[in-house]
There are 2 protein chains.
Amino acid sequence: MARAAGVSIATVSNVLNRRNVPLAEETIRKVEDAVQLLGYRRNEMAASLSRKKTYELGLVLPHFNGYFADFAHAMQDVVHQFGYHLSVYSSTGKPELEKRHMETLLRRRVDGLFCHGLAMNPETTRKFVGEGTPMVLFNAYNWPENVALGAVNLDFAGGAEKAVLHLAERGCRQLFYISRVRARTTNQQRLVGFQRGVEGCGIPHRIIPTQGMYEDEIFESIEDVVKQGEPLGILAFDDGDAFMLISRLQARGYDIPGQIKVVGINNQSVAQHNWPSITSLDIDLDNQVSHAVCMLLQHLEEGAALRNISLERFETVKPTGSPAHEIHIPMRLIPRMSTE
Amino acid sequence: MARAAGVSIATVSNVLNRRNVPLAEETIRKVEDAVQLLGYRRNEMAASLSRKKTYELGLVLPHFNGYFADFAHAMQDVVHQFGYHLSVYSSTGKPELEKRHMETLLRRRVDGLFCHGLAMNPETTRKFVGEGTPMVLFNAYNWPENVALGAVNLDFAGGAEKAVLHLAERGCRQLFYISRVRARTTNQQRLVGFQRGVEGCGIPHRIIPTQGMYEDEIFESIEDVVKQGEPLGILAFDDGDAFMLISRLQARGYDIPGQIKVVGINNQSVAQHNWPSITSLDIDLDNQVSHAVCMLLQHLEEGAALRNISLERFETVKPTGSPAHEIHIPMRLIPRMSTE
DNA sequence: CTGAAAGCGCTAACAC
DNA sequence: GTGTTAGCGCTTTCAG
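For the structure given in this document, a descriptive report is provided here. Counting from 1, residues in each chain are numbered in the order their sequence is written. For naming, the first written chain is A and the first written ligand is 1, with later ones following in the order written. Local features in this predicted model are restricted to residues of pLDDT 70 or higher, and side-chain atom pairs are both shown and tallied only at a pLDDT of 80 or more, whereas totals for entire chains, interfaces and linings draw on every residue. Water and hydrogen atoms play no part in the side-chain values, which are based on all heavy atoms of the structure.

Observations concerning the relation of the copies chain B and chain A
Applying a rotation about an axis and a shift along it to one chain copy brings it onto the other copy. At an RMSD of 0.1 Å, chain B and chain A line up after a rotation of 180° and a shift of 0.0 Å along the axis. The two molecules are tied by a two-fold rotation axis, judged by turn and shift. When C-alpha distances to the rotation axis are compared across chain B, the minimum falls at M45 of chain B, with a value of 2.6 Å. Residues reaching a pLDDT of at least 70 in both copies supply the C-alpha atoms on which the copies are superposed by least squares.

Encoded structure:
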């Protein structure tokens, strides 16, 4: 390659990346011609190995579906803006896969790691990741400080509370939360907010645990309330669940929002497009993602001119008692037909 | 590391991967202790560089949403079974990103590439990828033989034809196809099947081009037919579109499936859970993915005992005139409430 | 069975 | 401005 261009090997390397070194026009042209001719493509492994930096960031997700797809796209977008590449992996909800992906990423010596809703506990995570690789977590509530640079958490508690208030205002005399037991931490947060909300306005309520929304018991409970003629308000775990619930209620002849009002969470596209459209809690992806990337990049390019992505414009909330390295992103209630 | 274990550097390498070399128990234990102690984690770049093989496969997708999420999970699963790692990238529908991701993957010297619905044309693709990296394509219809090892295509044409027949059987006297113009090739295939179907049974039909299903024109056309009292059958581009369409029709007070019957494509989860549930064309993910991975691995481990994943059990179809390196996966119609 | 040595393809000093 | 050289952390002959 260097020989083909008739220059030295270092010169080639110079023109190929670091143009701050003065170079003769002629030389540059010669190298670029050779690149075309030989169909040269840099070997990134060799380069990374040598420079001890990969310019690659990893993102491990519990799924690719629904909200996570949008999230991944948003992450990719801002990471690219900073000249890094983002590798996204989904663990399909399986802890083994989560571990496998993180291992692969660490073996490949990514410059940093983002993990969304880790299944591993804090202690295991700390030991597993070690000191070398900076990490930012999403939805890791009350984790010790020594495991990651920080955590960017959604304020599900605040959101759920807003939902309760909204439902109460719209005249609901009974409130249900359909609790998705598999989603441990994130479900927990919703629960906290739901409790706080119902206690605040003293409305009778029930928490209905479920695995996949198919349990008949849910519908029995609902029927109990509806037949008393009382307007019922339901908070679902997310819009996907809200959607399925509404469909099944419609199949049983219930009137939404007449007899039952439903609110979902995440503002997924299904919430917007369903009929009736579903009131939901919107996530400010931009806010979430920008904060996380800044956390990581500040660490990586310490002091370096991190083109100011200006986090000013983003609002955050500070739940009492939350650790300093955690930031919380507020959720905004979007009223739609399902609670009219 | 070698020093810590008190053995030579090559011995460490030996115990760490290739156990076919005879090793003293003692040695093995010493090395493994050292691994624990030093918190050693193999540098995959160095290893790959040296062995000239990465055991990594790349998958580039147009999106992470809907069907693609399931697809990515399925791919990941079978690739893992063969001891490779799969890196999945989404181009968000943007050709620049598709190129960027492929470039990154090629620079990282992945052992093989899977591309789903490439935006690049065959000629560009061939030049871009070059000879070095074997590639398998999804939904690349009528591509020349010299660009990829092969293509695994969905038989959208056959599927659309089945849908037309189904709608006709259910008494539809007019048929619409809502054509998604942005999805060039894949929309084209559906069109072929739709045309073939309607010509076969001589039913009046219309093709309605759309970008995002929001055009009022669609609803005017529909109203025209419905007010004649004729049952209308609609084939949508996919289940997402079918879902949105149904919602909007419901909002306008139409009765599904009474006045209008709708069929979607892909059998996404929304089709199953909507009310009314949506008749759809199911994709055999297993079939698709197994064929593709086998194509690639046959090439990579030439002659090697490719644990027979037995493709026998999978059905394929052979549309007339399709090239030999293409295989076509049939789609199965799942009747649901939307066409009852 | 174990160890020494030659790369893999690049980057980064540092001479020229 | 350009070339030489010493690694980066592994794998892989090939001798002991």
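Regarding the sheet that holds strand β9 (residues 260-263) of chain A
All names here are of chain A. Between any two strands, at least two bridges found by DSSP are needed for them to pair. Secondary structure elements are defined from DSSP: runs of H or I of at least 4 residues count as helices, runs of E of at least 2 residues count as strands, and each element is numbered from the N terminus. Taken in spatial order, the four strands make up an open sheet running β7-β6-β8-β9, and their pairing is parallel. In this open sheet, the two edge strands, each paired with only one partner strand, are β7 (205-210) and β9. When strand polarity is set aside, the average angle formed by the axes of neighbouring strands in this sheet is 20°. Of the strand pairs in this sheet, strand β8 (residues 232-235) and β9 are connected by four bridges, and their pairing is parallel. Within the sheet, the bridge partner assigned to G233 lies in β9 and is K261. Between two residues, a contact is recorded if the distance between any of their heavy atoms is within 4.5 Å. Fitted lines through C-alpha atoms give the axes, limited to the stretch in contact for helices. The angle between two N-to-C directions lies from 0 to 180 degrees. Of the strands in this sheet, β6 (174-180), β8 and β9 are in contact with helix α11 (residues 239-251), which crosses β9 at around 160°.

Some remarks on the protein's contact with DNA strand C
If a single non-hydrogen atom of a residue is within 4 Å of a molecule or strand, that residue counts as near it. Among the 23 residues in the neighbourhood of DNA strand C, the closest are listed as S13, Y40 and S50 of chain A together with S8 and T27 of chain B. Take the atoms of DNA strand C that sit within 4 Å of the protein: sugar and phosphate atoms are 76% of them. Here N43 of chain A contributes a backbone N or O atom positioned 3.0 Å from a phosphate oxygen of DNA strand C. In the model, a base nitrogen of DNA strand C is placed 3.3 Å from a nitrogen or oxygen of the S50 of chain B side chain. Looking at the surface near DNA strand C, the elements that each hand over two or more residues are α2 (9-16) and α4 (44-51) of chain A together with α2 (9-16) and α4 (44-51) of chain B. In terms of residue count, the dominant contributor to the surface near DNA strand C is α4 of chain A (four residues). In this classification, the charged set is Asp, Glu, Lys and Arg, the nonpolar set is Ala, Val, Leu, Ile, Met, Phe, Trp, Tyr, Cys and Pro, and all remaining amino acids, among them Gly, are polar. Grouping the amino acids of the surface near DNA strand C by side-chain chemistry returns 11 nonpolar, eight polar and four charged. Throughout this description, a polar contact denotes any pair of N or O atoms lying within 3.5 Å of each other; where both atoms belong to protein, one of them has to be capable of donating a hydrogen while the other can accept it, and for residues adjacent in sequence the pair is counted only when both atoms sit in side chains.

So, the protein's contact with DNA strand D
As a structural note, the neighbourhood of DNA strand D is formed by 24 residues, with S8 of chain A together with S13, N17, Y40 and S50 of chain B the closest of them. Within 4 Å of the protein, the contacting atoms of DNA strand D are 72% sugar and phosphate, with bases supplying the remainder. Within the backbone of A46 of chain B, an N or O atom sits 3.4 Å from a base nitrogen of DNA strand D. Top element by residues in the surface near DNA strand D is α4 of chain B. It accounts for four residues. Considered class by class, the residues forming the surface near DNA strand D number 11 nonpolar, eight polar and five charged.

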